[in-house]
Amino acid sequence: MLFSDTLHTALEGLKRNRMRSLLTTLGIIIGVGSVVLMVSIGTSFQRYILDQVETFSGDTFEVNAKGMEQVGKDINTITFGDVEAIRNLSTVKNIAPAIFVTERVQYGTKQIAPYIFGTTKELFANWSMKIGEGRLLTDADVKGAASVAVLGPQAAEDLFENQNPLGKRITIGSRKFTVVGILEEIGSPLASQLESIVYVPFTVAKAMMGRTAYVDYISLQSTGDNEMTELDITTLLRQRHNIENPDNDPDKDDFIARSFAQATEIIGTVTMSITLFLGLIASISLLVGGVGIMNIMLVSVTERTREIGLRKAVGARGRDILLQFLFEAVCLTLLGGIIGLMGGVVLGFVLVLVAAKFLGTIHYTLSLWAVVASLATSIGIGLAFGIFPARKAAQLTPIQALGYE
Amino acid sequence: MSTPKHIPLIETKKLCKSYFNDDLETPVLFDIDLVIERGEFVAIMGPSGSGKSTLMHILGFLDHHTKGQFLFQGEPATKMDEDTLAKIRATRVSFVFQAFNLLPRTTVFQNVLLPLLYHPTIPAAEREGRVQRAIEAVGLSERSTYLSNQLSGGQKQRVAIARALVTQPEVIFADEPTGNLDSASGTHVMAALQALHRAGHTIILVTHEQSTAEHAERILKIYDGKITDDLRSFKRRHAKDGITIEK
Ligand SMILES: Nc1ncnc2c1ncn2[C@@H]1O[C@H](COP(=O)(O)OP(=O)(O)O)[C@@H](O)[C@H]1O
Ligand SMILES: [Mg+2]
């Protein structure tokens, strides 16, 4: 049989069994489409969240008193002495202590209650914060306890709306500050809290809060090996706080020292498992699609076995039959696979686009393995269940196949 | 000098056939000895269940026998591989079934074209002409774009005959071709077979009706899987239908 005849016969076969072709294709479209859609949404959001977190440098650490996170608790365990001791560790650089000022900020009739960090210039570098307008805090500001403030972009907007805040005088508590800088926007909803922080010199906060011994927060960077840095800080603070903790039980410590890389890792694991979960759900529809394909293929075996018997009776060879059914199955599965793939990509892309309206920049991400795995599965099922019954039927004598019930 | 030994078209020697279902053996044909020459019109006649179809399927290469010999132009069928069998089915024999066996939801033209797709030597350029001539020969030119399920039983059987003659095979087998038809359609079909015979084809017809068998030149009677009679048809019937089939 001529190759072109086989191809033509296969296409005729698809047309003649229009319903079966349609349902098979649909099964594959749904299977491939849903996997591609779900996984791409999962990975897009995973990447989005990781991008947000990774704005912070991975070797930035933070140290604070345990229980700091609990609202309303005032637990002080990290002393000025701790700060100096940590500063002297060889695995630590860029240390920035912070004291929180719990006062309101006012300009004219506008009043806000942001986080106010009394800190040093190193904090900005550790948090990868860039100056938008004006300048950052300087060592001279800290040394001279200058009444200057740097505003997060959200804080600036809340206080000044459309006016230029630079050089304006704001009130924090009962003290007047000159606005010397506004930070650049990060532009991510995850960082929205950071955008409304107000920064003042460490020494000013210390005086305002009447602190003589404790800081609220330390930001620092490791000089290279995060694990070494963490070990050094932990050992040092346990020693200074007289904590016996040979088993490394975090419950016994009165402080927390952790790197942003750890946080990133945890978030990465969480989002990854969400992607896997979505992928699992999609795999179920892939399976359902696959079972559908099997059903349709097997149900049509009776009629097609008679067709095979007839073709053999008029001279078809086994390989003519196999090639015809192979073509049929390839056409259906390829068509279904391509439509499913495109449908899944387009739908996912639109959803990500819509989400981006609310969440800022999201890059559409599609992992190759999802495409390959879903295509391979559904095409494999389509081919197997298209060809296997045909192969069995082609091995019968024409009479056996014609009499098949 | 010795004259070359005469080789008949079809010859069987002690041919037996059993069906096997789950190790259960059903013997159907017993020691069939038979010679059919080129150009004969043979009717195989016998009651229902006597093994007519079984014998015909074996002679037409649609099924295997289980014992004895079946020679086609002197070649034993048991020595032929699958490709040779397929080639014989494509080029030298063809079948008209009682149940028509047309491709469903397919036009008359496509149905008649089918054997040509598997024919190893007829060039693609000749196909359309051959199909049209075959359809014309059975008087269905007007219907060539009809789907097979839009035809009457008699028309379906004529499509099957057109399909059987489109490759111009040496032997045409017809298994109760009038069995599902009214007598007018039956006459039409028998006329077509007689026309094919006149055009030089060997025709082997299976029937359980004496009147149908009488269209043939020779009648083989089969009873319980054995040949009981081998007769010339004396009062041969002629189905007049104006069908002519070119040689
Ligand atoms: N596939 C089969 N398996 C078992 N027995 C069969 C099969 N086909 C036919 N038979 C039996 O073989 C016998 C002859 O059948 P068949 O050749 O169709 O007879 P006829 O065509 O003369 O009516 C019958 O008894 C039938 O039941
Ligand atoms: Mg029969």
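Residues numbered from 1 in each chain as written. Chains lettered and ligands numbered in written order. Predicted model: local features only at pLDDT ≥ 70, side-chain atom pairs only at ≥ 80, totals over all residues. Heavy atoms only, no water.

Draft legend 1. Spotlight on the overall build of chain A. Along chain A, the regular secondary structure elements total 14 helices and twelve strands. Relative to the compact-globule value of 22 Å for 405 residues, chain A shows a C-alpha radius of gyration of 33 Å, a clear excess of over 25%. Seen along its three principal axes, the alpha-carbon backbone of chain A occupies a region of about 105 × 55 × 35 Å. With 405 residues in all, chain A has 48% of them scored as buried. Considering only intrachain contacts with a sequence separation of at least 6, the fraction spanning at least 24 residues in chain A is 80%. (Helix = DSSP H or I, 4+ residues; strand = E, 2+ residues; numbered from the N terminus. Rg over C-alpha atoms; globule rule 2.2 N^0.38 Å. Buried < 20%, exposed > 50% of the residue type's maximum accessible area, 1.4 Å probe, protein only. Contact = heavy atoms within 4.5 Å.)

Draft legend 2. Up close: the overall build of chain B. Scanning chain B from N- to C-terminus turns up seven helices and ten strands. Expected size for 247 residues packed as a compact globule is a radius of gyration near 18 Å; at 18 Å, chain B falls within 12% of this value. When its C-alpha atoms are laid out on the principal axes, chain B stretches across 55 × 45 × 40 Å. Here chain B holds 247 residues, and the buried ones make up 55% of them. By sequence separation, contacts in chain B at least 24 residues apart represent 71% of the contacts at least 6 residues apart. The averaged location of the 29 negative side-chain charges in chain B is 3 Å from the averaged location of its 29 positive side-chain charges. (Lys, Arg positive; Asp, Glu negative; His and termini not counted. Charge placed at Lys NZ, Arg CZ, Asp CG, Glu CD.)

Draft legend 3. Quick peek at the pairing of strand β6 (residues 93-96) of chain B. Residues and elements named next belong to chain B. The two faces of β6 match: V93 and F95 on one face and S94 and V96 on the other face are all buried. In the sheet, β6 pairs with strand β7 (residues 171-175) via four bridges, with the strands oriented parallel. Bridging from a neighbouring strand, F95 pairs with F173 of β7. (Pairing = 2+ DSSP bridges.)

Draft legend 4. Local environment of empty space enclosed by the protein. Residue and element names in this part refer to chain A. The final tally for this structure, using the stated rule, is two cavities of 30 Å³ or more. Here the largest cavity is characterised by a volume of approximately 120 Å³. Forming the boundary of the largest cavity are 16 residues, of which M297, S300, R304, F325 and G386 lie nearest the centre. At the level of elements, α11 (301-313), α12 (318-359) and α13 (368-394) are the ones that each hand at least two residues to the lining of the largest cavity. The residue inventory of the lining of the largest cavity, partitioned by class, reads ten nonpolar, three polar and three charged. (1 Å grid on protein atoms, 1.4 Å probe; cavity = no way out; pocket = protein on both sides within 12 Å on 5 of 7 lines; lining within 4 Å. Points joined across faces, edges and corners; volume = space filled by probe spheres on them. Nonpolar A, V, L, I, M, F, W, Y, C, P; charged D, E, K, R; others polar.)

Draft legend 5. Spotlight on the domain arrangement of chain A. Taken domain by domain, chain A consists of domain 1 (3-53 + 266-402) and domain 2 (60-223). The C-alpha-based centres of domain 1 of chain A and domain 2 of chain A are spaced at 56 Å. (Domains from an automatic or database assignment.)

Draft legend 6. Highlighting the packing of aromatic side chains. What the rule picks out here adds up to 16 aromatic pairs over all chains. Residues F3 of chain A and F327 of chain A carry aromatic rings whose centres are separated by 5.2 Å and whose planes lie at 85° to one another, so their mutual orientation is edge-to-face. Separated by 324 residues along the polypeptide, F3 of chain A in helix α1 (residues 3-16) and F327 of chain A in helix α12 bring together distant segments of the chain. Residue F327 of chain A is classed as buried on the basis of its relative accessible area, which comes to 14%. In textbook terms, an aromatic cluster arises when at least three aromatic residues are bridged by ring pairs, as seen for F100, F117, F124, W127, Y199 and Y217 of chain A. In this structure, K226 of chain B packs its charged tip against the face of F30 of chain B, placed 5.0 Å from the ring centre. (Phe/Tyr/Trp six-rings, centres within 6.5 Å; stacked < 30°, edge-to-face > 60°. Lys NZ or Arg CZ within 6 Å of the ring centre and 35° of its normal.)

Draft legend 7. The interface of chain B and chain A, seen in detail. Each partner contributes residues to the interface: chain B has 22 residues there, and chain A has 24 residues. Interface of chain B and chain A: buried area, both sides summed, is about 2200 Å²; carbon and sulfur atoms make up 59% of it. Put simply, chain B and chain A have three salt bridges between them. Close ionic contact of D5 of chain A with R127 of chain B constitutes a salt bridge, the shortest N to O distance being 2.5 Å. Scanning the region where chain B abuts chain A turns up seven residue pairs in polar contact (both at pLDDT 80 or more). The element that contributes the greatest number of residues to the side of chain B that touches chain A is helix α2 (residues 82-91) of chain B, accounting for five residues. Within the side of chain B that touches chain A, the residues separate by chemical class into eleven nonpolar, four polar and seven charged. (Buried area = accessible area lost by both parts, 1.4 Å probe. Salt bridge = Lys/Arg side-chain N within 4 Å of Asp/Glu carboxyl O. Polar contact = N/O pair within 3.5 Å; in protein donor to acceptor, adjacent residues only side chain to side chain.)

Draft legend 8. Region of interest: the sheet that holds β6 of chain B. Residue and element names in this part refer to chain B. Read from one edge to the other, the open sheet built from six strands follows the order β6-β7-β8-β3-β9-β10, with strand pairing classed as mixed. Unpaired on one side and paired on the other, β6 and β10 (226-232) mark the two borders of the sheet. Across the sheet, the mean angle separating the axes of adjacent strands is 20° when strand polarity is ignored. Across the sheet, helix α5 (residues 153-165) lies against β6 and β7, angled at about 180° from β6, the strand it touches most. (Axes fitted to C-alpha atoms, helices over the stretch in contact; angles between N-to-C directions.)

Draft legend 9. Focus on the pattern of salt bridges. The full count for this structure, using the stated rule, is 26 salt bridges over all chains. Between K121 of chain A and D139 of chain A there is a salt bridge, with its nearest N and O atoms 3.0 Å apart. Residue K121 of chain A is found in the loop between β5 (116-119) and α4 (122-126), and its partner D139 of chain A is found in helix α5 (residues 139-143); the two are separated by 18 residues along the sequence. The class of D139 of chain A is partly exposed, set by a relative accessible area of 43%. The closest approach of N and O atoms between E82 of chain B and K312 of chain A, which form a salt bridge, is 3.8 Å. Of this pair, E82 of chain B sits in helix α2 while K312 of chain A is found in helix α11, placing the two residues in two different chains.

Draft legend 10. Spatial organisation of α1 of chain A. Here α1 of chain A is 14 residues long and its end C-alpha atoms lie 20 Å apart, about the 20 Å a rise of 1.5 Å per residue gives. Residues of α1 of chain A that are buried: D5, T6, T9, A10, G13, L14 and R16 of chain A. (Expected span 1.5 Å × (residues − 1).)

Draft legend 11. Local environment of a nonpolar patch on the surface. Taken together, the side chains of M19, L22, L23, L26 and I30 of chain A present a nonpolar region at the surface, about 490 Å² in accessible area. On the secondary structure map, L26 of chain A appears in helix α2 (residues 18-53). (Patch = residues over 30% accessible without salt bridge, like charges linked within 9 Å, V, L, I, M, F, W, Y side chains within 5 Å. Areas by Shrake-Rupley, 256 points an atom, 1.4 Å probe, with all protein chains shown as cover.)

Draft legend 12. The arrangement of the environment of V352 of chain A in detail. Within the fold, V352 of chain A resides in helix α12. Contact partners of V352 of chain A, with chain neighbours within four places excluded, come to S44, I362 and Y364 of chain A.

Draft legend 13. Inspection of the nonpolar core at higher detail. The biggest cluster of nonpolar side chains holds 86 residues, and the ones touching the most others in it are I10, L55, F61, F70, V112 and F173 of chain B. Look past the residues within four positions of I10 of chain B in its chain and what remains in contact with it is L34, V35, I36, L59, F70, L71, F72, F173 and I204 of chain B. If you look at the next biggest cluster of nonpolar residues, it comprises 42 residues, including A65, I95, V204 and I218 of chain A. (Core = buried A, V, L, I, M, F, W, Y, C linked by side-chain atoms within 4.5 Å.)

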